[in-house]
Amino acid sequence: MIGALSATGWLFLVVAFGAIVPIVPTGAAVSGTATLAFHDQPYLIALVIASGAAGAYLGDLVMYAMCRFGGEQLARRLRWLRDEEHLAGVKERLRARQVPVLLVSRLIPGGRVPVLLAAAFAGLPWRTFVVANLPACALWSVVYAAIGLAGGSIFPEPWQGVLAAVALILLVNQVISGFSKRRAARVTAR
């Protein structure tokens, strides 16, 4: 039991850190931990989901604060700001529909950082961000835990389920990135 609790504590820290430093595969961490929980102590899956969501939420709040107070200069220094044309489009969508854009951005690989930057640079009120980001982080954690549960239920050994969940996440990320790049190329060609 103590090992499982420490694992969810580490999950919280990894996801919070990964939300700030976007190179850490946080979705894979939630999926892998859910897979292990499924095989060892299935009653802790709710705790895995809560730890993943809380870590994502805290990390997003820190990143949003950094963007709000550090501005575009900090975002450029940390290499978060790469495509200003795309950022302008995200700002427009965010002005039209704040909550739905925040919800969806958490689920699209590579979509969270541009939306956080656009929200911060457009001056989205703290209260709106804090309230809208909570269900986004919870939904994200549930989705990635479900991927882990699917992997855990298909394979008899926990390591096989973790490997399958991570492979599935990487495949989905690559497919979505490919579609995004193709769509951006078509828009640029026009």
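Residues numbered from 1 in each chain as written. Predicted model: local features only at pLDDT ≥ 70, side-chain atom pairs only at ≥ 80, totals over all residues. Heavy atoms only, no water.

Chemist: Please clarify how the packing of aromatic side chains should be interpreted in this entry.
Modeler: Between two aromatic rings, the relevant description is the distance of the centres plus the angle of the planes. One pass over the structure, following the stated rule, counts three aromatic pairs. Where Y64 meets W126, the ring centres are 5.0 Å apart and the plane angle is 85°; that geometry is what we call edge-to-face. One end of the pair, Y64, is in helix α3 (residues 45-77); the other, W126, is in helix α7 (residues 126-154), with 62 residues separating them in the sequence. Given a relative accessible area of 0%, Y64 falls into the buried group. For W126, a relative accessible area of 32% puts it in the partly exposed group. Taking the centre distance of 5.4 Å and the plane angle of 50° together, the rings of W140 and Y144 count as tilted. Linking W140 with Y144, this pair stays in helix α7, spanning four residues, or about one helical turn. (Phe/Tyr/Trp six-rings, centres within 6.5 Å; stacked < 30°, edge-to-face > 60°. Helix = DSSP H or I, 4+ residues; strand = E, 2+ residues; numbered from the N terminus. Buried < 20%, exposed > 50% of the residue type's maximum accessible area, 1.4 Å probe, protein only.)

Chemist: I would appreciate a short explanation of empty space enclosed by the protein in the present structure.
Modeler: Within the structure shown, the criterion is met by one cavity of 30 Å³ or more. Each pocket or cavity is described by its volume, and for the largest cavity that value is around 30 Å³. If you go around the largest cavity, the residues you meet are D60, L102, S105, R106, R112, V115, L116 and N133. Elements with a contribution of two residues or more to the lining of the largest cavity: α5 (98-107) and α6 (112-122). Each residue belonging to the lining of the largest cavity can be placed in one class, and the counts come to three nonpolar, two polar and three charged. (1 Å grid on protein atoms, 1.4 Å probe; cavity = no way out; pocket = protein on both sides within 12 Å on 5 of 7 lines; lining within 4 Å. Points joined across faces, edges and corners; volume = space filled by probe spheres on them. Nonpolar A, V, L, I, M, F, W, Y, C, P; charged D, E, K, R; others polar.)

Chemist: Looking at this structure, how should I read the side chain of T8?
Modeler: Within the element layout of this structure, T8 appears in helix α1 (residues 2-20). Residues in contact with T8, not counting those within four places in the same chain, are L47, V48 and S51. (Contact = heavy atoms within 4.5 Å.)

Chemist: What exactly am I supposed to notice about the nonpolar core here?
Modeler: Generally speaking, a soluble globular protein has its nonpolar side chains buried in company with each other. Counting 15 residues, the largest nonpolar core has Y64, C67, L102, L124 and F129 as the members making the most contacts within it. Breaking this core down by element, the ones donating at least two residues are α3, α5, α6 and α7. A per-element tally of this core places α6 first, with seven residues. Core analysis: the next-biggest nonpolar cluster, separate from the first, contains 13 residues, L11, V48, Y57 and C137 among them. (Core = buried A, V, L, I, M, F, W, Y, C linked by side-chain atoms within 4.5 Å.)

Chemist: Sorry if this is basic, but what is going on with the environment of S31 here?
Modeler: Residue placement: S31 occurs in helix α2 (residues 26-40). Residue S31 is classed as buried on the basis of its relative accessible area, which comes to 0%.

Chemist: What's the story with α6 in this structure? I'm lost.
Modeler: The periodicity of an α-helix, 3.6 residues per turn, causes residues three or four places apart in sequence to face the same way. Across the eleven residues that make up α6, a large majority, ten, are buried. Residues of α6 that are buried: R112, V113, P114, V115, L116, L117, A118, A119, A120 and F121. Phi for G123, located one or two positions after α6, is positive at around 80°.

Chemist: Just to check I follow, could you spell out α2 for this structure?
Modeler: For α2, which comprises 15 residues, the first-to-last C-alpha distance of 21 Å matches the rise-based estimate of 21 Å (1.5 Å per residue) to within 8%. Looking at α2, one finds that the buried residues are T26, G27, A28, V30, S31, G32, T33, A34, T35 and A37. (Expected span 1.5 Å × (residues − 1).)

Chemist: What's the story with the confidence of the model for the chain in this structure? I'm lost.
Modeler: Atom-level detail of predicted coordinates should not be read off regions where pLDDT is low. Scored by pLDDT, the chain has a mean of 77; 72% of the residues are at 70 or more. The secondary structure element of the chain with the lowest average pLDDT is helix α4 (residues 84-96), at 59, and the one with the highest is α7, at 86. (pLDDT = per-residue confidence, 0-100.)

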